[in-house]
Amino acid sequence: MVKSMKLMIDRVSKQYQSRIAVDRVSVELHKGVYGLLGANGAGKTTLMRMLSGILKPTSGMIALDGVDVSEEAYRAALGYLPQDFGYYPEFHAMDFLLYLAALKGIPKAQAKRRAKELLELVSLQDMAHKKIKTFSGGMKQRLGIAQALLNDPKLLVLDEPTAGLDPKERVRFRKLIEDLGHDSIVLLSTHIVSDIEHIADEVLIMKEGQLIYQGKWEDEKGDLEEFYLKQFEEDAHE
Amino acid sequence: MKQKLKEELLHVFAAPDPMCKRDFLRELETPGMSIPMFVFSQIGYIRKWIWGLSILIFMASVVGAVCFSGEVLWMISAMTPLLALTVVSESGRSDNYEMAELELATRFSLRSVVLARLGILGIENLVILSLLLPIGVWEQRLGILQSSVYILAPYLLTTFIGLYIVRRFRGREAVYFCMGITAGIRFFALLGQDIVPQLYQQSRFGWWLVSALMLGGATATQYFKLIGATEELR
Amino acid sequence: MNNFGTLYHYEVKKIISRKPVWIMFLLCIFVIGMVVPGNLLGKYYVDGKEIDTHYHMFQVDRGYQEALSGRAVDQVLLEEVMTAYGKIPISAERYTLTQEYQTYARPYSEIFNLVRSWAQLDMEEAMAWEPDEEALYAARRETVEKQWQTLWLSDTEKEFWRKKEAQMNAPVTYHYCDGYNMAINGIVPVGLLVLLFVSVCLSSVFTEEHTRRTDQLILSGAKGKSIIYWAKIAAGVSVSAVCALLMATSACGFAWGVYGAKGFGASLRISSSMWSYSYPLTVGQACLIAYGSLIVTAVFVSVLVLVLSEVLHNNIATLAVCVGAILAGMMFNIPIQYRAAAQLWNWSPVRFFASWNVFDVWTLPVFGHCFVSWQIVPAFYVVFGIAVAVAGKSAWRNYQVSGR
């Protein structure tokens, strides 16, 4: 019997002094791909950081299959790709993955196998022993995607994962995410609406810290981008 | 009444929409910024802590002269590397904050910015050093030349090494290591005459003078190399 | 599986792969190489006239001292010394320039200086001193007792030191041991360099993760809030311990290479700078204790630097605080009348590595037993270091990635 996965986000808020970045967001996510859309400053990255356990919510609860976000077991099941992340210039690609695998609690032998697999998956197998400082922006992004998949996560949080990827790589990435969505909860945020249209089972739209839309997006509903822009045009007319 | 009339007139005789406004404006000669104006404008962009530190160094030297008059030369000698650090940290600022690419693509490009800021700080340091020299010489049995060399040598050594490090290892880490080197030079300047008194013998002064001159030349070389490195994105 | 070993390996790699760390280390070794034998540079002048080089003077004196090695500082030797010094004309203004001094007295100058120190005699008094072995050792005890008085020692402490004095046999045997003396005397610049190296190289271990924006990846990992913290601390501590050991070894190596490594077993009482220390140690043991204390101090400072850098989230501010503390340690003294404060200050890591603080006579009486500084302070450093590391973990664990 396959155990169903559930990510519970219950009235999660994040407040910075006088500004509310995330305002009482409640949502339950199950296996599948969820696209998170929103304007700049809508609170997507803040929400994703809270889901990754690197930012504490001001209030509310986040739990994956009953395990609270603050626990190590939660992070053991998490794969996170930040919007803007750094690297150690003197590390090779393999070093970087092995280091992060150790951080994720993966034994060394298993980590080596997994790192090799993932480098092939993201077409970086020839760059395994080259220093990251020699990588292009797209290669670094692919390496970031690889590290997010090291521990075969139950929850995959991807913040702008296709930034810096060329169209061919983006298509490959979409296929990968689609496959992952069969067995994991995948939450990805992006400004490229077409990415979400093609692969997301459900769309979440954030505006000014609040979740204003959640639901499946089918072709019958029309163009997602038009719908998305309409949410913000309504503001302009008010 | 007058106001109402004005408003009515504006309403009745509405000005037509402008045509070819942008072309017309482009034809006009707009006064550009001259080089001295540009250099002067850079003063405001030099960080406040640099000015604050220079004032602090000067005041500390004055206090030192009053309270520790016998040691004031070595105290000043240990503080001049901090002045050099201000120059070094400004020289690496564009790389630290990843502004180099933007600054290279402007009329007064990165080269001009760096030249202007280093020039301003160079003059400021010269003024501070000139003010510190009489304080350092006061109540010392060493002459002006010898005292000047003992004050300048750590300053030049710090500038030389700092500019080399900033040019060779870019980013925040470079300035951070310059701080470490500066601290080491300061310790040596403060304790050198106790640890290795032979280096401060009169007979050794010739070496000090030659070293100071060589460091001056090496520092100038590093300045030119640094300016040369600002001509394109690294 | 906690993967501590793998994480530790990568953390060490991150530290030692930075070129500036190597440059700093090599610079420190270079400066140590210049400073430790620095006394031998240059020439000796009298009234502007070159008399000799320091190195040649050292070679001559070394020959004389080695000739005295193995001899007991007893009545026979003291009589020889005073007979030799008795030949120097009383009227001589600078006695060291006289032929009589160079021929007869100079070979015994080490013992003569020892007599002057032990009995606190000025030159005139020393020249007129009657050789008396018992009186000399009694004079030393008296000098030492007076020092205890000026240093505000308690009665318990005085009793402790008297017992230690009683354990030392008399007469003491003289041995040439300049290699160890110079190594100990050179510990202040070496210590400053070690602390500077630790401050510069370790204050970006934690802050680097925030400036490079790798903290998001680390903190979101299963081990990213717990094991990695200890891996970083362990890496920082090991690098500083190894580098401190290498610098200490270099300092001793340079000293022994120039001055020789003879005299490990010589009593500390014949040391020119530590003759009044009453603990029955040899010069070699004192050298090992001094540098061992330096290494423990370096390790403690490394923990402080690491934790401070994570609390401040700024490597430049951390470095500024460390350099400021080191400078304060060099420049400021607390008068001995305020004994508790002065003792705490002298035992702080920015001052403890100086030999006069490692071997000071202030102790810590605990349940009637007096612990000397080189016994108790390193123990404190280990305990406080662990406490600070434990306390600092919350700063790393609770770091909030925001504002980007």
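Because the structure is a prediction, the values reported are computed rather than measured. (Residues numbered from 1 in each chain as written. Chains lettered and ligands numbered in written order. Predicted model: local features only at pLDDT ≥ 70, side-chain atom pairs only at ≥ 80, totals over all residues.)

Caption draft 1: Seen up close, the overall build of chain B. Regarding its fold elements, chain B presents eleven helices and zero strands. Across chain B, helices and strands are ordered from the amino to the carboxyl terminus as α-α-α-α-α-α-α-α-α-α-α. Relative to the compact-globule value of 17 Å for 234 residues, chain B shows a C-alpha radius of gyration of 26 Å, a clear excess of over 25%. Expressed along its principal axes, the backbone C-alpha trace of chain B runs to roughly 95 × 45 × 25 Å. By the burial criterion, 36% of the 234 residues in chain B qualify as buried. The contacts in chain B between residues at least 6 apart in sequence include a share of 78% that link residues at least 24 apart. (Helix = DSSP H or I, 4+ residues; strand = E, 2+ residues; numbered from the N terminus. Rg over C-alpha atoms; globule rule 2.2 N^0.38 Å. Buried ≥ 20, exposed ≤ 12 C-beta atoms within 10 Å, placed from the backbone. Contact = placed C-beta atoms within 7 Å.)

Caption draft 2: The overall build of chain C, seen in detail. In terms of helices and strands, chain C carries 19 helices and four strands. Within chain C, contacts between residues separated by at least 24 positions form 75% of all contacts whose residues are at least 6 apart in sequence.

Caption draft 3: Structural detail: the interface of chain B and chain C. The interface is formed by 18 residues belonging to chain B together with 20 residues belonging to chain C. Split into classes, the residues belonging to the side of chain B that touches chain C amount to ten nonpolar, five polar and three charged. (Nonpolar A, V, L, I, M, F, W, Y, C, P; charged D, E, K, R; others polar.)

Caption draft 4: Molecular detail of unusual backbone geometry. With an omega of 0°, the peptide bond between alanine 170 of chain C and proline 171 of chain C qualifies as cis. Within the chain, cysteine 20 of chain B stands out as a residue other than glycine whose phi angle is a positive 55°. Within the secondary structure, cysteine 20 of chain B is located in the loop between α1 (2–12) and α2 (21–27). We note that histidine 313 of chain C has phi near 55°; this positive angle belongs to a residue other than glycine. Relative to the elements of secondary structure, histidine 313 of chain C occurs in the loop between α15 (283–312) and α16 (315–331).

Caption draft 5: A look at the interface of chain C and chain A. In this assembly, 25 residues from chain C lie in contact with 28 residues from chain A. Of all the elements in the fold, those that place two or more residues in the side of chain C that touches chain A are α1 (4–16) and α13 (215–219) of chain C. Of the residues assigned to the side of chain C that touches chain A, the class counts are nine nonpolar, eleven polar and five charged.

Caption draft 6: View of the domain arrangement of chain C. Residues and elements named next belong to chain C. By domain assignment, chain C separates into domain 1 (4–39 + 177–397) and domain 2 (71–151). Each of domain 1 and domain 2 was reduced to a C-alpha centroid, and the two centroids are 39 Å apart. On the domain 2 side, the residues contacting the eight residues of domain 1 number nine residues. Partitioned by chemical class, the residues of the side of domain 1 that touches domain 2 number five nonpolar, three polar and no charged. (Domains from an automatic or database assignment.)

Caption draft 7: Focus on helix α3 (residues 93–103) of chain A. In terms of burial, α3 of chain A is largely enclosed, as ten of its eleven residues are buried. Within α3 of chain A the residues assigned to the buried category are Ala93, Asp95, Phe96, Leu97, Leu98, Tyr99, Leu100, Ala101, Ala102 and Leu103 of chain A. On its buried side, α3 of chain A packs onto α4 (108–121) and α5 (137–148) of chain A together with α1, α13 and α14 (227–259) of chain C.

Caption draft 8: Main features of the arrangement of the chains. The interface with the most contacts, out of two pairs of chains in contact, is the one formed by chains A and C. Separated throughout, chain A and chain B approach each other most closely at a C-alpha pair spaced 13 Å apart.

Caption draft 9: A look at the sheet that holds strand β10 (residues 210–216) of chain A. All names here are of chain A. Strand order in the open sheet formed by six strands is β6-β7-β8-β3-β9-β10, with mixed pairing between adjacent strands. What marks the edges here is a single partner per strand, and that holds for β6 (78–81) and β10. With strand direction ignored, the average angle separating the axes of adjacent strands in the sheet is 15°. Bridging between strand β9 (residues 202–207) and β10 involves six bridges; their strand directions are antiparallel. Counterpart to isoleucine 205 in the pairing with β10 is tyrosine 213. Each of β3 (32–38), β7 (155–159), β8 (185–189) and β9 touches helix α1 (residues 44–51); the most contacted strand, β7, lies at about 150° to it. In the packing of α5 onto the sheet, contacts are made with β6 and β7, and the angle to β6 comes to roughly 165°. (Pairing = 2+ DSSP bridges. Axes fitted to C-alpha atoms, helices over the stretch in contact; angles between N-to-C directions.)

Caption draft 10: Quick peek at the pairing of β3 of chain A. Residue and element names in this part refer to chain A. By the criterion of burial, β3 is predominantly enclosed, with seven of the seven residues buried. The alternating pattern of β3 places Gly32, Tyr34, Leu36 and Gly38 on one face and Val33, Gly35 and Leu37 on the opposite face, and all of these are buried. With five bridges joining them, β3 and β8 adopt parallel strand pairing. Looking across to β8, one finds that glycine 35 is bridged to leucine 188. Bridge analysis of β3 against β9 gives five bridges, and the strand direction is parallel. Residue pairing for β9: leucine 36 is matched across the bridge by leucine 204.

Caption draft 11: Focus on the pairing of strand β4 (residues 369–372) of chain C. Residue and element names in this part refer to chain C. Of the two faces of β4, the one holding Cys370 and Val372 is buried and the one holding His369 and Phe371 is not buried anywhere. In terms of strand pairing, strand β3 (residues 363–366) meets β4 through four bridges, oriented antiparallel. Directly across from leucine 364, in β4, lies its bridge partner phenylalanine 371. What sits between the antiparallel neighbours β3 and β4 is a turn of two residues, in which phenylalanine 367 has the positive phi angle 50°.

Caption draft 12: Focus on the confidence of the model for chain C. Overall, the prediction assigns chain C a mean pLDDT of 92, with 100% of residues at 70 or greater. Across the interfaces of the predicted complex, the ipTM metric reaches 0.82, alongside a pTM of 0.85. (pLDDT = per-residue confidence, 0-100.)

Caption draft 13: Seen up close, the environment of glutamine 147 of chain A. Counting through the fold element by element, glutamine 147 of chain A comes out in helix α5. Given 26 C-beta atoms within 10 Å, glutamine 147 of chain A falls into the buried group. With 30 residues separating them along the chain, glutamine 147 of chain A and glutamate 117 of chain A place their C-alpha atoms 11 Å apart. The residues contacting glutamine 147 of chain A, other than those within four sequence positions of it, are Phe96, Leu97 and Leu100 of chain A together with Leu217 of chain C.

Caption draft 14: Focus on the packing of α15 of chain C against helix α19 (residues 373–397) of chain C. Residues and elements named next belong to chain C. Put simply, α15 and α19 touch, their axes get as near as 9 Å, and they point 15° apart. As judged from the angle between their axes, α15 and α19 are roughly parallel. Once α15 is placed against α19, the crossing between them reads as left-handed. Across the interface between the two elements, Ile289, Ser293, Val296, Thr297, Val299, Phe300, Val303, Leu304, Val307, Glu310 and Val311 from α15 touch Trp374, Pro378, Tyr381, Phe384, Gly385, Val388, Ala389, Gly392, Ala395 and Trp396 from α19. Residue classes in the contact of α15 with α19 are distributed as 16 nonpolar, four polar and one charged. (Parallel < 35°, antiparallel > 145°, perpendicular 65-115°, else oblique. Left-handed = near helix turned anticlockwise from the far one by under 90°.)

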